[in-house]
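# Understanding the architecture of this molecule
Spelled out, the chains give:
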Amino acid sequence: MKVLSVAAEIYPLIKTGGLADVAGALPAALAPHDVEMTSFVPGYPSVLQALVNPQELHRFENLSGGPAVLRMGKAKGLDVIVLDAPHLFNRPGNPYLGPDGKDWPDNARRFAVYSETAAELARGSYASYSADILHAHDWQAALACAYLRYRGGPKSLLTIHNIAFQGVFAPETFMSLNLPQEAYSLDGLEFYGNVSYLKGGLDSATALSTVSPTYAQEICTPNYGMGLEGVLQARRTVLSGIVNGIDADVWNPTTDVNLAERFDDKSIDKRRANKRQMEKLFGLEPGDGIIHGVVSRLTWQKGLDIFVSLLDGVVAQGGRVVVLGNGEPNIEQGFRAAALKHPNRIGVTTSYSEPLSHLIQGGADTMLVPSRFEPCGLTQLYGLRYGCVPVVARVGGLADTIIDANDAALAAQVATGLQFSPVDGITLQSALARAAWIYSQPTIWRGIQQRGMASDVSWRRSAQAYSKLYQNILSDRAA
Ligand code: ADP
Ligand code: GLC
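Residues numbered from 1 in each chain as written. Chains lettered and ligands numbered in written order. Predicted model: local features only at pLDDT ≥ 70, side-chain atom pairs only at ≥ 80, totals over all residues. Heavy atoms only, no water.

### Here we look at the state of the cysteines
- With the rule as written, the count across this model stands at zero disulfides.
- Here Cys-145 stays free of any disulfide, with the sulfur of Cys-220 as its closest cysteine sulfur at 17 Å.
- In this structure Cys-388 is not part of a disulfide, and its nearest cysteine sulfur, from Cys-376, lies 17 Å away. (Disulfide = S-S within 2.5 Å.)

If you want it as structure tokens, here you go:
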């Protein structure tokens, strides 16, 4: 089965968040299921640099304002087809934002052209390539499903990684999309007088999925659907939730070169060396007391503004904190101010660092994820694998992947982390206090770590679920 995966970011070529990790891991995870996955990637500088022995598939004299070439080859182990269109993608740094930190003003055009080209590629319009299924991810790729709906071609799956990002643009945008007028409708791209790329995809794809069963239910409700709950309710029979796995080679504490000391579930004590290294890098006083770790985009979604308001209390209780993350200036500022006030107890780095993210997983005691909503979440899964006990909000994929250390779960020895609900300062504070209390009982804490490390967070089960979904789509059984 040939699947064209269409995602605007893919690890290790270009990444802003979990979408890249998932798009990067799926091809290898699906290979044992006889799925031949090719990833269609925009020609960002980092992607073109990584491309080896490319073969030219097609040349456009003018693709929406400039020449472009489709190049097929290998890039860091991935089978890719790259849309080399310098006028659209030859921009270094973040794929969506300009140097001023704002969305590129031509994002509507960039990702419409990307999606239209993906659809044409899948339906065999260029040279020798065609696909049995087009698998689109998020709004940047969603329109590919609409092009296939109106032009014909293979069946499609649209995966929602985050419904907060919808690709909504002014109504005039529609004129440039080369779609029939009927596509600008209630049952198409029209969204309260604007054009929504995500909605166009949700209405058009053969099947829809999202990245956890709980989030699949949540987005059908007004509290989480962000205005698209009606559309999703109407398509509920073709919507499913498949939890993300993690790349067990990239995230493996027994081989991880970013760690000061590598370890497994029988040598958890070795994590201490990573804690020392982390304390040093973050300027914290050394000690064996609890360190809460954060590796995250700093946005409203992640609930970390709530954590900022609790930091004085955490320090007063003897806790320490390390934060690696960037995003909204007020949250960054909140963490920086707290680090200035408690320099030995709170360390903050507002850069993006893949190596440091691994060290925190290998050295911190908890991985804190107090999200207001979370489609799946990956950092809690990395935490499980690294003995960094997840403390998470009970929403979305966090609810599906962590077993809360309540009395019953502790007695039954099944707990893998801590959950709290609803998401507010009081419940988060008590979850942190509960974590500190359990941490002070080393045998119980060790049990939670060991169970987390032993739990299967690989792609094994989920790859099987995707493969089955593809088969159902091909045989019209997606519902
Ligand atoms: P989201 O995709 O919503 O940001 P996920 O938990 O699914 O959340 O994925 C986040 C990914 O981004 C993880 O791989 C995490 O380690 C990584 N990450 C987030 N912020 C940083 C950062 N500042 N430095 C390095 N990695 C980061
Ligand atoms: C999104 C979500 C996150 C999910 C990731 C990968 O960025 O916010 O919860 O893990 O996509 O699916």
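There is more to say after this.
### Observations regarding the sheet that holds strand 10 (residues 194–196)
- Judged by pairing direction, the sheet is antiparallel, and its three strands sit side by side in the order 8-10-9 without closing on themselves. Looking at which strands have only one partner, the edges of the open sheet turn out to be strand 8 (168–169) and strand 9 (190–191).
- Summarising the sheet, strand 9 and strand 10 pair through two bridges and their orientation is antiparallel. If you follow Glu-190 over to strand 10, its bridge partner there is Val-195. (Pairing = 2+ DSSP bridges. Helix = DSSP H or I, 4+ residues; strand = E, 2+ residues; numbered from the N terminus.)

### A word on the environment of Glu-285
- Among the secondary structure elements, Glu-285 is positioned in the loop between helix 10 (271–282) and strand 13 (291–298).
- Measuring from C-alpha to C-alpha, the distance between Glu-285 and Asn-344 comes to 5.2 Å, with 59 residues separating the pair along the chain.
- Other than its neighbours up to four places away in sequence, Glu-285 contacts Glu-279, Arg-320, Asn-344 and Arg-345.
- Among the polar contacts made by the side chain of Glu-285, one reaches the side chain of Arg-345 at a distance of 2.2 Å. (Contact = heavy atoms within 4.5 Å. Polar contact = N/O pair within 3.5 Å; in protein donor to acceptor, adjacent residues only side chain to side chain.)

### A few points about the site of ligand 1
- Lining the immediate surroundings of ligand 1 are 20 residues, of which Lys-15, Gly-18, Asp-21, Arg-297 and Leu-378 lie closest.
- In the model, an oxygen atom of ligand 1 is placed 2.9 Å from a nitrogen or oxygen of the Lys-302 side chain.
- Here Ser-353 contributes a backbone N or O atom positioned 3.1 Å from a nitrogen atom of ligand 1.
- Within the complex, the protein chains bury 93% of what would otherwise be the 560 Å² of accessible surface of ligand 1.
- Elements with a contribution of two residues or more to the shell around ligand 1: helix 1 (18–30), strand 13, strand 14 (320–327) and helix 15 (379–385).
- No other element matches the three residues that strand 13 contributes to the shell around ligand 1.
- Both domains that furnish three or more residues to the shell around ligand 1 are identified here as domain 1 (2–245 + 460–474) and domain 2 (268–454). (Near = heavy atom within 4 Å. Areas by Shrake-Rupley, 256 points an atom, 1.4 Å probe, with all protein chains shown as cover. Domains from an automatic or database assignment.)

### Some remarks on the site of ligand 2
- The local shell around ligand 2 holds 14 residues, among which His-161, Asn-244, Glu-374, Cys-376 and Gly-377 are the closest.
- Here Gln-301 contributes a side-chain N or O atom positioned 3.2 Å from an oxygen atom of ligand 2.
- In the environment of ligand 2, an oxygen atom lies 3.0 Å from a nitrogen or oxygen atom belonging to the backbone of Cys-376.
- Per element, the largest residue contribution to the shell around ligand 2 is three residues, and it comes from helix 1.

### Brief notes about the nonpolar core
- In this structure, Leu-30, Met-278, Phe-307, Phe-335, Ile-360, Leu-428 and Tyr-470 are the most contacted members of the largest nonpolar core, which totals 83 residues.
- Structurally, this core is a two-domain feature, drawing no fewer than three residues from each of domain 1 (2–245 + 460–474) and domain 2 (268–454).
- Setting aside residues no more than four positions away along its own chain, Met-278 makes contact with Ile-291, Val-322, Leu-359, Ile-360, Gly-363 and Ala-364.
- The next biggest cluster of nonpolar side chains, apart from the first, holds 79 residues, and it includes Leu-70, Phe-111, Trp-139 and Cys-145. (Core = buried A, V, L, I, M, F, W, Y, C linked by side-chain atoms within 4.5 Å. Buried < 20%, exposed > 50% of the residue type's maximum accessible area, 1.4 Å probe, protein only.)

### Looking at unusual backbone geometry
- In this structure, Pro-12 follows Tyr-11 across a cis peptide bond, with omega equal to 5°.
- Mapped onto the secondary structure, Pro-12 falls in the loop between strand 1 (2–6) and helix 1.
- Following Ser-421, the chain continues into Pro-422 via a peptide bond in cis, with omega recorded as -10°.
- Of note in the backbone geometry, Asp-34 takes a positive phi value of approximately 60° without being a glycine.
- Looking at the element boundaries, Asp-34 is found in the loop between helix 1 and strand 2 (36–42).
- Overall, Asp-34 belongs to the exposed group, its relative accessible area being 63%.
- The phi dihedral of Met-226 is positive, around 50°, even though this residue is not glycine.
- In this fold, Met-226 is placed in the loop between helix 8 (222–225) and helix 9 (229–234).

### Details of the domain arrangement of the chain
- Taken domain by domain, the chain comprises domain 1 (2–245 + 460–474) and domain 2 (268–454).
- The interface of domain 1 with domain 2 comprises 21 residues on the first partner and 18 residues on the second.
- In this assembly, domain 1 packs against domain 2 so that about 1,400 Å² is buried in total across both faces, 60% of it on carbon and sulfur atoms.
- Across the domain 1-domain 2 interface, the total number found is one salt bridge.
- Residue Glu-354 is joined to Lys-15 by a salt bridge in which the shortest nitrogen-to-oxygen separation is 3.3 Å.
- Counting across the domain 1 and domain 2 interface gives seven residue pairs in polar contact (both at pLDDT 80 or more).
- Elements that contribute at least two residues to the side of domain 1 that touches domain 2 include exactly helix 1 and helix 7 (213–218). (Buried area = accessible area lost by both parts, 1.4 Å probe. Salt bridge = Lys/Arg side-chain N within 4 Å of Asp/Glu carboxyl O.)

### Some details on the pairing of strand 4 (residues 68–75)
- Relative to strand 4, strand 3 (residues 51–60) runs antiparallel, the two sharing seven bridges. When the bridges of strand 4 are listed, Glu-56 appears paired with Arg-71.
- Pairing of strand 4 with strand 5 (residues 78–84), which is carried by seven bridges, proceeds in the antiparallel orientation. Looking at the pairing, Gly-73 lines up with Val-80 of strand 5.
- The antiparallel hairpin formed by strand 4 and strand 5 contains two residues in its connecting segment, where Lys-76 sits at a positive phi of about 45°.

### Comments concerning the sheet that holds strand 14
- Strand order across the open sheet formed by six strands is 15-14-13-16-17-18, with parallel pairing between neighbours. Here the strands that pair on one side only, and so sit at the sheet edges, are strand 15 (346–349) and strand 18 (418–420). Going from strand to strand, the sheet's axes swing by 20° on average, the running direction of each strand aside.
- Here strand 13 pairs with strand 14 via eight bridges, running parallel. Across the sheet, the residue bridging to Ser-296 is Gly-325, located in strand 14.
- Each of strand 13, strand 14 and strand 15 touches helix 10; the most contacted strand, strand 14, lies at about 60° to it. (Axes fitted to C-alpha atoms, helices over the stretch in contact; angles between N-to-C directions.)

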